[in-house]
Structure formats: structure tokens, C-alpha cells
Amino acid sequence: MAQSIPVKANDSIIYHIELVHDFSMLPTFLQQLGYGRTQKICIVTDSNVAPLYARDVQDLLEKEFDTVILHTFEAGEHNKNLETVNTLYQTLIEQHFDRQDLLIALGGGVVGDLTGFTAATYLRGIDFIQVPTTLLSQVDSSIGGKTGVDFMQYKNMVGAFYQPKLVYMNLSVLQSLPSRQIVSGMGEIIKHGLIKDDAYYEWLMAHHDAILALEPAVMEEMIARSCDIKREVVEHDPTEKGERALLNFGHTIGHAIEKLCGFSLYHGECVGLGILAAAYLSQKQGNLTKEQLAGISQCLAAFGFQTQIGGISPDAVLSATKSDKKMVGSQVKFILLHTIGDAYIYRELSDAQILDGIRYVCRA
Ligand SMILES: NC(=O)c1ccc[n+]([C@@H]2O[C@H](COP(=O)([O-])OP(=O)(O)OC[C@H]3O[C@@H](n4cnc5c(N)ncnc54)[C@H](O)[C@@H]3O)[C@@H](O)[C@H]2O)c1
Ligand SMILES: O=C(O)C(=O)C[C@@H](O)[C@H](O)[C@H](O)COP(=O)(O)O
Ligand SMILES: [Zn+2]
């Protein structure tokens, strides 16, 4: 059944996360938000999603809106860059989009982040809607307003905090998602349990088979629980002045690996390696037990994550972590675990300690 999760800022609802099972309600939700027939819509998607879903969405919207155009770019993290943003700017200018018009991000996190950044900057800001189509984008990237692109191969170095007007989540699209992308999404979901909810973490392991079988009721419960965890964090700290950094658990080393493997590993796969390294460092700090660390490694492996990667220099990973946006001066703010379900920001790790954590997952 459908679920609607309100997201607030300063105690006022700024948008809803609508969990549904088809695209049929999208025009109605747009009209309820006040968008009318004369407002132009640009659906932004990628080359894998377009043939699957763009026609259905465009047909539905063309019944209620006079101008609905489609902008498609080649799928992949390597295209999450300013060059792709420029091509979208050109389309919007050529099609005479103005400040009352609307972008719809139909795709995963790459489409969502790039479309959101374009919306944040075109004409100094036009509205956009998230229609996430990967597990990772449904539980994480479509919520909270982090938008942006990679720059010089560094992750999300150019961006803006810019909230969508709606997150429309058609859960049925997960049926066409390759299984490796399901695993990638599980990286952020396991993160949610480890940083905020030990009972949820245990629930994930207890429902392992049902999750990998994409059982609808279990998937909907999991997606709703992860959305709620992220919602609560971003409501408390929308522009990452404090607590929101906890959502970066596993990302300091994860982003470095993602860069150094040339994006050959998916974001969530790199986060899984980063989570394991951070869990190891949490155990070395005397927080986690060796049994808890082993359990996290087994959980990741059970969901299909590699728990070690070869061919990447640990020293290069350490160097890449110095470009992490959580850096304050020469100190990187690491996210560690007090225990499972309870994460914290730690600034005192030495390079030697970080290298020890990197070596726990990276072999040269
Ligand atoms: N803004 C945030 O808060 C946030 C949070 C997490 C991740 N991210 C970013 O999100 C990106 C990763 O997102 P992602 O994992 O969704 O990757 P992605 O956007 O590259 O999508 C993964 C692949 O699946 C394809 N695809 C998408 N939906 C499909 C479907 N329903 N069926 C079949 N194929 C489909 C895509 O074309 C692509 O090839 C990274 O750039 C990461 O930095 C951002
Ligand atoms: O929403 C957040 O905050 C997150 O950290 C979510 C992460 O899963 C996501 O990958 C985010 O893009 C990483 O943030 P960044 O600021 O390191 O780019
Ligand atoms: Zn992430």
C-alpha cells in the first residue's frame, strides 16, 4: 500500500516522500503542488532508464501539461560532471524554460544529483522533482537535497544543498534493476542500521533472503525505514553543520576507493568497503568488539559485498581522503561507531591509524 512521509524544515513540511507502485499518481501530485498546464516540464534521465520508463512517464504527463520534453544523457558515474550539466543548460535555454518551469529527475543517484544541481543553478534556481529508480536513490540520494557533480574525479566537489518539491518513489521499477545495483543500494541501507538503529540492522540480516528476492512487502518496509532514518537526520541538520555527517559513515574511505578505481566499483560497493574499514577502526578504538566487527563483515559478505579490494595503493587511498569535504584544516572528520546503532564524529585519527584501516580492506 502507498505511504507518504513528510519531510520538514524548521517544523514546516517542505516536501513529501510518496512511496507508490506505479507512475499513475505523478500528474495528480504535481497538480496538488500547484503546477499547471502551461508550466513546461523537462524529464531528465539516462540511457538505461529512458527506454524502460521515460515513455510511460511522458505519456502520463502530456495528458495534463502542454510541454513535456525529455533530456537523456549516457548512463554512468563518469558523466556526473559539469559537461553533462552544460548540455542540460543548453536544452533548457533552447526550449525557453523559465523560473516557473520544472525539472523531473527520472533515474538513479547520478541523474538525481545532476538534475538537482542544474535546478539549483539554472536561472539561480527552478523547481525539481525526484523520481528515483534505483534502490540506492530511493533510500538515500533522492532525500535531503544534496545535489552536485564530480570534479577532477573527486566525488561531489561541485554542488549545492537544494531540496526537491516532491520525491515520487515507484517501488515497482526495482524489478528491472540489475542485482549488483540492489547490492549497491544495500550499502547505504546497512549504513543506516549501523549508524542509527541496531534493531533495523538485525532486521536486515533476519530478512536477508526476502530482500535479495525483492519480496514487495519486505522491500517496502526496508525502504520506508531507511527513508525515515535519513529524513530524521536531514531534518535536524539540513546543511551538514553537525549530525548529518553521520550519513557519511563509510564514505571517507569509500569515496577515495571510488575515485581510485575509476568508478569501476559502484558507489554503494565502495561504501561497503569504507564501512568495514570504519568498523575496524571503531574496534581498534576499543568501541566495537571483535565479534561485532566480524558480524559486520559477515553481513556485508552475505549481501554480496567484497570485503577486500586488490590493486589499489593504500597510500593513494590515504592521499585521496585529504580531499574529503569533511576535512577541517588538516584534520579529517571520521565517522566511527560507539556501538552498533550509535555513530559519532571523531577528529583525532592519525594518518597511521587511517592507513591501518585502509589496509584492512585494500591490498596494493
Ligand atoms: N545526494 C545524495 O545524498 C546521495 C546519496 C547517495 C549517493 N549519491 C550519489 O548517487 C550516485 C549513485 O547512485 P545510483 O547507485 O543510483 O547509481 P546510478 O544513478 O548510476 O544508477 C545505477 C545504474 O542503474 C541504471 N538504472 C537506474 N534505474 C534503473 C532501473 N529501475 N532499472 C534498470 N536500470 C536502472 C542506471 O542507468 C545506471 O546504469 C553516486 O554518484 C553517489 O555519489 C548521492
Ligand atoms: O545525505 C548525506 O549527507 C550523505 O552523506 C549521504 C551519502 O550516502 C551520499 O553519498 C552523499 O552524497 C555523500 O555526501 P558528500 O558530502 O560526501 O558528497
Ligand atoms: Zn553515499
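Rules behind the numbers
- Residues numbered from 1 in each chain as written.
- Chains lettered and ligands numbered in written order.
- Predicted model: local features only at pLDDT ≥ 70, side-chain atom pairs only at ≥ 80, totals over all residues.
- Heavy atoms only, no water.
- Near = heavy atom within 4 Å.
- Polar contact = N/O pair within 3.5 Å; in protein donor to acceptor, adjacent residues only side chain to side chain.
- Areas by Shrake-Rupley, 256 points an atom, 1.4 Å probe, with all protein chains shown as cover.
- Helix = DSSP H or I, 4+ residues; strand = E, 2+ residues; numbered from the N terminus.
- Nonpolar A, V, L, I, M, F, W, Y, C, P; charged D, E, K, R; others polar.
- Patch = residues over 30% accessible without salt bridge, like charges linked within 9 Å, V, L, I, M, F, W, Y side chains within 5 Å.
- Salt bridge = Lys/Arg side-chain N within 4 Å of Asp/Glu carboxyl O.
- Buried < 20%, exposed > 50% of the residue type's maximum accessible area, 1.4 Å probe, protein only.
- Donors = N, O, S within 2.8 Å, 3.2 Å for Na, K, Ca; no water.
- Pairing = 2+ DSSP bridges.

A. Region of interest: the site of ligand 1. Not every one of the 28 residues close to ligand 1 is listed here, only the nearest: Glu77, Lys80, Thr133, Thr134 and Lys155. Separating an oxygen atom of ligand 1 from a side-chain N or O atom of asparagine 48 is a distance of 2.9 Å. In the complex, the protein chains occlude 91% of the 860 Å² of accessible area that ligand 1 would expose alone. Looking at the shell around ligand 1, the elements with two or more residues in it are α2 (50-62), α4 (109-121), α5 (135-141), β8 (154-161) and α6 (179-196). Considering only residue class, the shell around ligand 1 consists of 9 nonpolar, 10 polar and 9 charged.

B. Molecular detail of a nonpolar patch on the surface. On the surface, a cluster of nonpolar side chains totalling about 310 Å² of accessible area is made up of Phe151, Met152 and Met157. Considering the arrangement of structural elements, one finds methionine 157 in strand β8. Residue class for methionine 157 comes out partly exposed when judged on its relative accessible area of 37%.

C. Representation of the coordination of the zinc ion (ligand 3) in the model. The protein atoms that coordinate the zinc ion (ligand 3) are Glu188 (OE), His251 (NE2) and His267 (NE2), at distances spanning 2.0 to 2.1 Å. One chain supplies every donor to the zinc ion (ligand 3), and in sequence these donors are spaced E-x62-H-x15-H. Separated by 63 residues along the polypeptide, glutamate 188 in helix α6 and histidine 251 in helix α10 (residues 251-260) bring together distant segments of the chain.

D. Structural detail: the site of ligand 2. Near ligand 2 you find 13 residues, and of these Asp140, Lys146, Asn156, Lys230 and Arg244 are the closest. In this structure, an oxygen atom belonging to ligand 2 sits 2.8 Å away from a side-chain N or O atom of aspartate 140. Lysine 146 is positioned such that a nitrogen or oxygen atom in its side chain is 2.8 Å from an oxygen atom of ligand 2. In isolation ligand 2 has 430 Å² of accessible area, and contact with the protein removes 91% of it. Those elements giving two or more residues to the shell around ligand 2 turn out to be α6 and α10.

E. Quick peek at the pairing of strand β3 (residues 41-46). The buried count for β3 comes to 6 of 6 residues, which makes it a mostly enclosed element. Side chains Ile41, Ile43 and Thr45 of β3 all project onto a buried face; the interleaved residues Cys42, Val44 and Asp46 project onto the opposite face, where all are buried too. Of the strand pairs in this sheet, β3 and strand β4 (residues 68-73) are connected by 6 bridges, and their pairing is parallel. When the bridges of β4 are listed, valine 44 appears paired with histidine 71.

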